[in-house]
Amino acid sequence: CQLAMAHNRKATTKLGTNVSVERAHPFIQSLNGVPLAFCQNGSVSAIIEQSNRENLVDTQLFFTQILEGIEQADFDLVSDRVGYLAREYKKPAEKFTSLNAVLLSPTHLFAWRLFRTDDSHQRPAADWYDGYYTLWCKRSADQIVIASERTDSGPGWELMKNGQFMGISLKD
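Okay, so let's go over this structure.

The rules behind the values
Residues numbered from 1 in each chain as written. Predicted model: local features only at pLDDT ≥ 70, side-chain atom pairs only at ≥ 80, totals over all residues. Heavy atoms only, no water. Pairing = 2+ DSSP bridges. Helix = DSSP H or I, 4+ residues; strand = E, 2+ residues; numbered from the N terminus. Axes fitted to C-alpha atoms, helices over the stretch in contact; angles between N-to-C directions. Expected span 1.5 Å × (residues − 1). Buried < 20%, exposed > 50% of the residue type's maximum accessible area, 1.4 Å probe, protein only. Contact = heavy atoms within 4.5 Å. Phe/Tyr/Trp six-rings, centres within 6.5 Å; stacked < 30°, edge-to-face > 60°.

Focus: the sheet that holds strand E6 (residues 144–147)
- Strand order across the open sheet formed by three strands is E6-E5-E7, with antiparallel pairing between neighbours. Two strands in the sheet have a free side with no partner beyond their single neighbour: E6 and strand E7 (158–159).

Rendered as structure tokens:
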């Protein structure tokens, strides 16, 4: 199984001097000896002050907070933890724009699409472009691609729904 992860997105504003090449996605951390790679699209304003105090970017802190609440990277634990953090991040007025992310382990791929909505919970918040926080999936017999934008014009791309969480076993 060959794995690759790349991330090219605009940095969150309000991060001060924390934005640098060293803090570019994906981030790598170990959970009980298992290496994990993580990238995320969106600003987590609810944790910007803490990120700045700890000299991190918001995605690094989000990743750390996910791992602090789980013992292993399995579907239920990761999805429950991300859901919990999303509810916590909604409490302050600053909230978040999107928590769309991909988490990769040697044996699993997790992806979720979770963007902030307006009061109707049917479309992105009015101050954000409707199509910006997208996450697409394309599967074929020999590959799975998760991308914030379609990488080709061919058929087979499926737009993940807001709130959708996907877990894929990479074992043969």
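Side note on the sheet that holds strand E1 (residues 27–31)
- In space, the five strands of this open sheet follow the order E1-E2-E3-E4-E8, with antiparallel pairing throughout. Looking along the sheet, the strands with just one partner apiece sit at the ends: E1 and strand E8 (165–169). Across the sheet, the mean angle separating the axes of adjacent strands is 20° when strand polarity is ignored.
- Alignment of strand E3 (residues 100–104) against strand E4 (residues 108–112), held across four bridges, turns out to be antiparallel. Directly across from Ala 101, in E4, lies its bridge partner Trp 112.

Quick notes on helix H3 (residues 75–89)
- Between the first and last C-alpha of H3 there are 21 Å, a value that for 15 residues agrees with the 21 Å anticipated at 1.5 Å per step.
- Here H3 has its buried residues at Val 78, Ser 79, Arg 81, Val 82, Gly 83, Leu 85, Ala 86 and Tyr 89.
- Packed against the buried residues of H3 are helix H2 (58–68), E3, E4 and E8.

What to know about the packing of aromatic side chains
- Applying the stated rule across the entire model yields eight aromatic pairs.
- An angle of 75° between the planes, with centres 5.7 Å apart, marks the rings of Phe 38 and Phe 62 as edge-to-face. Highlighted residues: Phe 38 in strand E2 (residues 34–41) and Phe 62 in helix H2, separated in sequence by 24 residues. Considered together, Phe 38 and Phe 62 belong to a single accessibility category, that of buried residues.
- With a centroid separation of 6.2 Å and an interplanar angle of 45°, the aromatic rings of Phe 110 and Phe 165 are classed as tilted. Of the two residues, Phe 110 is situated in strand E4 and Phe 165 in strand E8; the sequence distance between them amounts to 55 residues.

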